Every structure is written in structure tokens, then in C-alpha cells.
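Residue-level listing of the chains:
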Amino acid sequence: MTDLNRSRAEQIQRSLAKRYRAEKRFQLYGAAAVVFGLLCVALLFTDIISKGYKAFGQTYIQMEVTYDASTLGITDVNDSQQVALADFHGVVKTALKSRFVDVSGRKAKRDLYGLISHGAGYTLRDRLVANPKLLNQTETLWLVADDDIDTYYKSIGTDAGAFTGRMSEQRQGWVDQLVQSDDVEMRLNRNFFTKGDSREPELAGIRGAAMGSLFALIITIALSFPIGVAAAVYLEEFAPQNRWTDLIEVNINNLAAVPSIIFGLLGLAIFINFFHVPRSVPVVGGLVLTLMTLPTIIISSRAAIKAVPPSIRDAAIGVGASPMQVVLHHVLPLAMPGMLTGAIIGMAQALGETAPLLMIGMVAFIVDIPGGFTDPATVLPVQIFLWADSPERAFMEKTSAAIMVLLAFLILMNTLAVILRKRLERRW
């Protein structure tokens, strides 16, 4: 009998040891999965940041510019039409020829004139409009360099070596001369934050796309949050339990898994083709994103309402509150943290969507910064898509930098959702 008990005890010990080993292995697998996921995220962020951080800097070249009236073709500096039609690019060309006097031949001159961005002429025009006394005067300015020059200068001294690309040896020599004379420097790329899209990489910015995203998200949150909360309250508190409500619940859950491009097709068919809403405006973009985010907000709002203890409702009814008062005065305030969290996550999802907005025409090339909800606009994800498809190497930096900005907004919105939940939620 003693031997039998001892044998059973040993079997139990072996079984327990086996279970403990299996549990430890499972914990190790879980920890390894977490570490692998973090490594992948770190690799992704490292790749994006390493490619995009240089886009926040811009190469400038110092030049002595003379606002020569004959070159500009201006007789009256106060005549806005003359100033608008003036040849400011000719002034830049004259300054470059004065700096490199030994350049001759059409091809060499074309390469020389390409050292400075085409946007430098607009800079000179704005300065002359602000100060008409500059006419026939000379001043020293830092002008934006062409994107090829910018890429070449940023790559000097790197491990991969200078990227020559479309840079001829002669152009490289001119840049090296400017570097030796301290006439080239790196500055903060203000155009990236203050300008709209452009065919020239050194002039392209994200402000137009950022404003388009802002206007579209304002419409999205203004429509999706009240509609989603109202639908969740009705389904959870007032709707009868029958086959119709079951069908509605199933469809809401299915809509949350529908590919986003389907919502773009729906918006194209209804809002544009049927209601004739203009294409490529934040209004139609916000309406499409509203349809896409409604299932997420409804599901998260219903989950928040379910989390409110039934005793709260019973106590309110016990003191004479009506069903509507129970919902408005007790259930909604307690469920609001979860609802806000779901809404913010839905907005973050909407901010990163591209496919549905491509279907409604927000892929158009928009230079002007939108000033309202009905102005033509694009959004940040679509702007990233457009830049990624551009052949110029400088747009690669712009693409990664725009992704960094978009990720910053997404991280900020998700952090806000976590903070709101931690600060406002109640534990029962």
C-alpha cells in the first residue's frame, strides 16, 4: 500500500512538473512574440526616420541679387501687373552668371541655372512687393537650391558617398566651390510645413494635405459621433429584442470588417453621382469617412454602455427616474469615457485611410491650400501616395517625412484615447 501511494505521488509530481514546464514555455512564447513585434516596429520606425529626417532640412545658396529694372521689365514698381509679369527668374540667372563668369554654351548655362530652385523668383517678387525701394538695388540673399543640389549636398560625407544622380561633374564642381566659400548651408525646411503640393520637390509641402485632413475629420467627428452614440443607445437601451434588431446588429458587425474601398465606391455612387457633391472636397471625404467609422463607434459605444452596472439603472428607476432620464443622467455619463475612446480610435483610423478617398477624387494635384470645407483638397495619406509614385529622388525623403508626421498624429490620438480612458473611467 505504501509503495502504491508513493508511485501515485511521483506520478502527480511528474505531471505537475510537466504542467509547469508547459506553462513556462507558453510564457516564453508570448514574451518572444512581444519582443518580435517590438523589433519589427522598431525596424519600421528606424527605416522611416533614417530616410525622412533629412527632409526637414533644406539646402540654401547665398547669392548677390540685383533687382535690375531692365532685366525685370518694370518701369513702375507700383504697377501690380508689371510686377506679376516681371522676369524674376532672369534676375536669378544674371546673379548666377555673375558668380560663374567662365560658363558658356547652352547646356552648361542650363545646368548653371538649375542650381537655384524655380521658386526663387517668387521669393524675389514677394520681397520687391514688400519693399519697392529694392528696385535697381543689390542685396545678398539665401535662395532655395534645386532638389538635385539638395540631394547631392545632403549626401556629401555619408557612408554611401555623394549621390550624383543627374548631377554632371561640372555642376558638382560648382557646388563644391560654393561649399568652400561657405555660400551653401542647411536650414529648416519651412516650405515643408507652410506650402502645398508642387511638381518641384524643394517647394512641396504638407500644409495643404494637413488642412484637407483637418476639414475632413471635423465633418467626420461632427456626424459620426452623435449618430453612432444615438444608434448605440437605442440598440442597447430601447430597441426590442427581435429578428430585426438581430439583423441590424449582425450588419453593423459585418460593416466593421468591410474593406474601406467599398465605402469609397458607395460615396462615389451616392454622394457624387446621385447628390452631385463636388469631387475632391473635404465635405464628400468627411461623409465617406463617416460611413466607414460609424460601425467602430457604434460597437465601442455599445460595449461602454454594457459595462455600466445594472444596479445603476435599477437605483435610478427606484427613485422615480424615467427611462430617458436614466440614460441621459446616469448611463451616458458613465459610459462616455469608453465612447470617447472609441471615437478617437475611429478618427485615427479615418486619418490613415487612403483607398476610399482615392475613389472620390481626392487624389487630384492640389497646389492651393484649402480654406474651407468646399475647397478642392487632398489628405495626408493620399499626399504620401502621390509622392511615393513620383520619380524624383527628393520625393523619397518627402514621403518618409510625411509618414513621420502622419504617425505622430496617430500616436498622439491613440495616446489621448488611453489618457482619457485612464482618467475618466470608473472601476466597479
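Counting starts from 1 at the beginning of each chain's written sequence and moves along it residue by residue. At least 70 in pLDDT is required for a residue's local features to be given in this predicted model, at least 80 for side-chain atom pairs to be given and counted, and no such filter applies to totals for whole chains, interfaces and linings, which use all residues. Think of the side-chain values as coming from all heavy atoms in the structure, minus any hydrogens and water.

*Asks:* Is there a simple way to think about a nonpolar patch on the surface in this case?
*Replies:* Together, Tyr234, Phe238, Met324 and Leu328 line one region of the surface with nonpolar side chains, adding up to about 390 Å² of accessible area. Helix and strand definitions here come from DSSP, where helices need a minimum of 4 consecutive H or I residues and strands a minimum of 2 consecutive E residues; each element is numbered from the N-terminal end. Mapped onto the nonpolar patch, the elements with two or more residues apiece are α10 (207–238) and α15 (323–351). In this fold, Met324 is placed in helix α15. The buried label goes to any residue with under 20% of its type's maximum accessible area, the exposed label to any with over 50%, and the partly exposed label to all in between, with areas taken from a 1.4 Å probe on protein chains only. Met324 sits in the partly exposed class, given a relative accessible area of 44%. Here, patches come from residues exposed beyond 30% relative accessible area and free of salt bridges, joined within 9 Å for like charges and within 5 Å for nonpolar side chains (Val, Leu, Ile, Met, Phe, Trp, Tyr). Working definition of accessibility: Shrake-Rupley area with a 1.4 Å probe, residue cover restricted to the visible protein chains. Any Lys or Arg side-chain nitrogen found within 4 Å of a carboxyl oxygen on Asp or Glu counts as a salt bridge.

*Asks:* Got a minute to help me understand the packing of α10 against helix α17 (residues 380–388) in this structure?
*Replies:* Each pair of packed helices can be described by the angle between their axes along with the distance between the axes. Angles shown run from 0 to 180 degrees and are taken between the N-to-C directions of axes, each axis being a line fitted to C-alpha atoms and, for helices, limited to the stretch in contact. It is the contact of α10 with α17, at a shortest axis distance of 8 Å, that shows an interaxial angle of 145°. Contacts between α10 and α17 involve Ala209, Ala210 and Ser213 on the former and, on the latter, Leu380, Pro381 and Gln383. Residue polarity is assigned by list, with Asp, Glu, Lys and Arg as charged and Ala, Val, Leu, Ile, Met, Phe, Trp, Tyr, Cys and Pro as nonpolar; anything else, Gly included, falls into the polar class. Class assignment of the residues belonging to the contact of α10 with α17 gives a composition of four nonpolar, two polar and no charged. Throughout, a contact is declared for two residues whenever any of their heavy atoms are within 4.5 Å.

*Asks:* Please clarify how the nonpolar core should be interpreted in this entry.
*Replies:* Generally speaking, soluble globular proteins have nonpolar side chains that are buried together. By nonpolar core is meant a set of buried Ala, Val, Leu, Ile, Met, Phe, Trp, Tyr and Cys residues that side-chain atoms within 4.5 Å join together. Counting residues in each nonpolar core, the largest one holds 39 residues, and the members touching the most others are Ile206, Val284, Leu357, Ile360 and Trp387. Residue assignment for this core shows that the elements contributing at least two residues are α10, α12 (260–272), α13 (282–306), α15, α17 and α18 (394–424). No other element matches α18, which puts eight residues into this core. Look past the residues within four positions of Leu357 in its chain and what remains in contact with it is Gly285, Leu289, Met362, Val363, Val379 and Val382.

*Asks:* What is the right way to read the pattern of salt bridges from this model?
*Replies:* If the charged atoms of two oppositely charged side chains come close together, the side chains can form a pair. Within the structure shown, the criterion is met by 11 salt bridges. Ionic pairing is found between Arg302 and Glu236, a salt bridge with its closest N-O pair at 2.9 Å. Here Glu236 lies in helix α10 and Arg302 lies in helix α13, a separation of 66 residues in the sequence. For Arg302, a relative accessible area of 13% puts it in the buried group.

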